[in-house]
Amino acid sequence: AQSVTQLDSQVPVFEEAPVELRCNYSSSVSVYLFWYVQYPNQGLQLLLKYLSGSTLVKGINGFEAEFNKSQTSFHLRKPSVHISDTAEYFCAVSDGDDYKLSFGAGTTVTVRA
Amino acid sequence: EAGVAQSPRYKIIEKRQSVAFWCNPISGHATLYWYQQILGQGPKLLIQFQNNGVVDDSQLPKDRFSAERLKGVDSTLKIQPAKLEDSAVYLCASSFSGNYNEQFFGPGTRLTVL
């Protein structure tokens, strides 16, 4: 099973500032990578996914992520955040063998005016 | 399209009591997952069903947890007896098939064991 490390447990950021959430995973021949967002008292919603092809992936709500195979990373970015982006963000990985998702511990993003 | 439904949303019980959670997946989704999300951690897969058969239950504490998916649609997850460490949010998710197709999550059931 994959191991996923989200390097920041909490990220405070001002409105309209950029944000980057870091995610590293244990090495594997082939992986599928995901970012999910969880708003308070809600389930997880898929932001974006990398399955193959271009290493720069664009998702919903202006988020994007870049897959870096050599560094086994899949960092999430947004150039300008809104108050409504306050939520918890989870990086998830599955390898090519069983497709099961392994989640990181999550990063709490708090956007302040 | 209706999403994944779960009930109840909140449950408080005493330790050693039993509790059951219900999940109704998105119509047509053959694969159903139950996750446990302890505060401050990411979701951990407990059990995966493909139609009404179990694909993976390696992380399910079988001495106290059980799950079933009769008729390949709704599913119930039961804990008997509950322990303090079972306090968590229990998430149900479904997907069209068991591969990397997107998993859609329900709102979860927050269990507090006192």
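Below is a summary of the structure that appears in this document. The residue numbers shown here count from 1 along each chain, following its written sequence. The lettering of chains begins at A and the numbering of ligands begins at 1, in the order of writing. Totals for whole chains, interfaces and linings use all residues, but because this is a predicted model, local features are given only for residues with pLDDT of at least 70 and pairs of side-chain atoms are given and counted only at 80 or more. Only hydrogens and water are set aside when side-chain values are computed; all heavy atoms of the structure are taken into account.

**Let's talk about the overall build of chain A**
Quick note on the threshold: The numbering of helices and of strands both runs from the N terminus, where a helix is a DSSP run of H or I of at least 4 residues and a strand a run of E of at least 2. Using C-alpha atoms as the atom set, the radius of gyration is obtained and then compared with a globule rule of 2.2 Å times the number of residues to the power 0.38. Summary of the burial criterion: residues with accessible area below 20% of their type's maximum are buried, those above 50% are exposed, and those between are partly exposed, where the area comes from a 1.4 Å probe applied to protein chains only. Contact definition: two residues touch when any of their heavy atoms are within 4.5 Å. Using a 1.4 Å probe, accessible areas were evaluated by the Shrake-Rupley method; residue-level cover was limited to the displayed protein chains. When charges are tallied, Lys and Arg are placed among the positive residues and Asp and Glu among the negative ones, while His and the ends of the chain are skipped. To locate a charge, take NZ of a lysine, CZ of an arginine, CG of an aspartate or CD of a glutamate.
Helix and strand counts for chain A come out as zero helices and twelve strands. Ordered by position in the sequence, the α and β elements of chain A form the string β-β-β-β-β-β-β-β-β-β-β-β. Scaling as 2.2 N^0.38, a compact globule of 113 residues should have a C-alpha radius of gyration of about 13 Å, and chain A matches this with 13 Å. For chain A, the spread of C-alpha atoms along the three principal axes comes to 45 × 30 × 20 Å. Expressed as a percentage of the 113 residues in chain A, the buried residues total 47%. For chain A, long-range pairs separated by at least 24 residues make up 56% of all intrachain contacts whose partners lie at least 6 apart in sequence. When the accessible area of chain A is evaluated, it comes to approximately 5,400 Å², of which 48% is carbon and sulfur surface. Computed over 8 positive and 11 negative side-chain charges, the separation of the two mean positions in chain A equals 2 Å.

**Re the interface of chain B and chain A**
Heads up, the rule is: Accessible area that two parts lose when put together, evaluated with a 1.4 Å probe and summed over both, is termed the buried area. When a carboxyl oxygen of Asp or Glu lies within 4 Å of a side-chain nitrogen of Lys or Arg, that pair is called a salt bridge. In the analysis that follows, any N or O atom pair within 3.5 Å is treated as a polar contact, provided that within protein one partner can donate a hydrogen and the other can accept it, and provided that, for residues neighboring in sequence, both atoms belong to side chains. Residue type decides the class: Asp, Glu, Lys and Arg count as charged, Ala, Val, Leu, Ile, Met, Phe, Trp, Tyr, Cys and Pro as nonpolar, and the leftover types, Gly among them, as polar.
Facing 21 residues of chain B, the contacting portion of chain A comprises 17 residues. Of the roughly 1,500 Å² buried between chain B and chain A, counting both surfaces, carbon and sulfur atoms make up 58%. Counting across the chain B and chain A interface gives zero salt bridges. At the boundary of chain B and chain A, one finds two residue pairs in polar contact (both at pLDDT 80 or more). Where the side of chain B that touches chain A is concerned, the elements lending two or more residues are strand E4 (31-37) and strand E5 (44-50) of chain B. When the residues that make up the side of chain B that touches chain A are grouped by side-chain class, the tally is eight nonpolar, nine polar and four charged.

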